[in-house]
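# A closer look at the structure
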Amino acid sequence: MSTQVPAQLTFTKEQLLDSPSRRDGICFEEEKKRRQGALRLLQAGGQLLSLPQPAILTAAVLLQRFYAVRSFRHYNRPQRIVTACLLLATKLEEAPRRISDILNLMRSLQSPLENLAIPKPITSLIGELSLEPSKQADAAMVDEQGEASAGPGAAADGERAQGEASTSGGSKGWSVEEDGGKGVLVDSRYYTAKEELLEYEAAVLKAMQFDVFVLHPHKYLLNYSRALNCSQPVIQLAFGMVNDCVMEGTLCLEYSPALLAAAALNFAILLLDVAQQMPYGWWEALGYTMELLDEVGHDLVDLYTELEFERGHVLESRLMSTGEIRRSAVW
């Protein structure tokens, strides 16, 4: 019996730059802003649901894949896709949560700020996810050109996209306008919301053609670090990097988990200036060339450069958390 691990779905840089959202007229910066807002909401929801980290990361990968093949113009309420991805991840990672808990929690995150019974920092996510008032063309039915740009299966998803773009404020099951998000969903409103959530889950599965196999780089990183007898600061920094590859950018869509783990480990070794302590040629033992690791390393530098511009010294804070603040020649 074969024990070979199936290949994980990846995308080229060209495919990500020519995404359905870009073809629908959404600029790169706006698409990135919506994607990051959705990921932060997903992380907040996963933490409030007390999901294990692998389940949150799986949901994040599913969300990233979905918007790699579907447009933010067609599915312009990422909160619902986030909820569907969290539900699907609880099943894939065997971390079951009640649908009612998931629905009510995620609904509370969409409530007006003064009605939220959760820590206020999380409320900042709502502003990032809110969309500008749609023009009449955005609220119209998906035209033939839009269906073609959304990729395979977009025509079948047209009804959902049409509902998403409408100005009615959503269905009664999900809407927080009637009661300001107070209380919980009960009776007919709960069953309506549950039915719609399952429809969104089916839309996510269909968009990925039911390929929901997700393998994270953390397992590879742990094996690599043990084999190389890496120090705790190196392991801690590399783990933070692979987390950022999933939660902050699209590198998890571009490279295999094993390659991301090796590149993050190499980057951490360089940043902490411990290359002399590592056995020479360790990357060859893992089946990689230094040129390939450098290529991924440059993408990591680009990621942290963007994060530093947007949110401050993210990488520096990770370095300080390891207790090692030395800088290598990389900088």
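I will try to describe carefully the structure that is included in this document. (Residues numbered from 1 in each chain as written. Predicted model: local features only at pLDDT ≥ 70, side-chain atom pairs only at ≥ 80, totals over all residues. Heavy atoms only, no water.)

Time to look at the side chain of His216. With respect to the helices and strands, the residue His216 is situated in the loop between helix H11 (187–207) and helix H12 (217–228). In terms of polar contacts, His216 uses its side chain to reach the backbone carbonyl oxygen of Pro54, at 3.5 Å. At 2.9 Å, the side chain of His216 forms a polar contact with the side chain of Thr58. Here His216 is in contact with Pro54, Leu57, Thr58, Val61, Glu93 and Pro257, once residues within four sequence places are set aside. (Helix = DSSP H or I, 4+ residues; strand = E, 2+ residues; numbered from the N terminus. Polar contact = N/O pair within 3.5 Å; in protein donor to acceptor, adjacent residues only side chain to side chain. Contact = heavy atoms within 4.5 Å.)

Moving on: unusual backbone geometry. Even without being a glycine, Gln209 presents a positive backbone phi close to 55°. You can see Gln209 is positioned in the loop between H11 and H12.

Here we come to the side chain of Thr90. Note that Thr90 resides in helix H5 (residues 78–92). Residue class for Thr90 comes out buried when judged on its relative accessible area of 4%. What Thr90 contacts, discounting residues up to four positions off in sequence, is Leu51, Ala95, Pro96 and Arg97. (Buried < 20%, exposed > 50% of the residue type's maximum accessible area, 1.4 Å probe, protein only.)

Moving on, we come to H11. With 21 residues, H11 extends 31 Å between its outermost C-alpha atoms, agreeing within 8% with the 30 Å of an ideal straight helix rising 1.5 Å per residue. When we look at burial in H11, the residues that qualify are Tyr190, Ala193, Glu196, Leu197, Tyr200, Glu201, Ala203, Val204, Leu205 and Ala207. One or two steps after H11, the chain reaches Gln209, where phi turns positive at roughly 55°. (Expected span 1.5 Å × (residues − 1).)

By themselves these figures say nothing about function.
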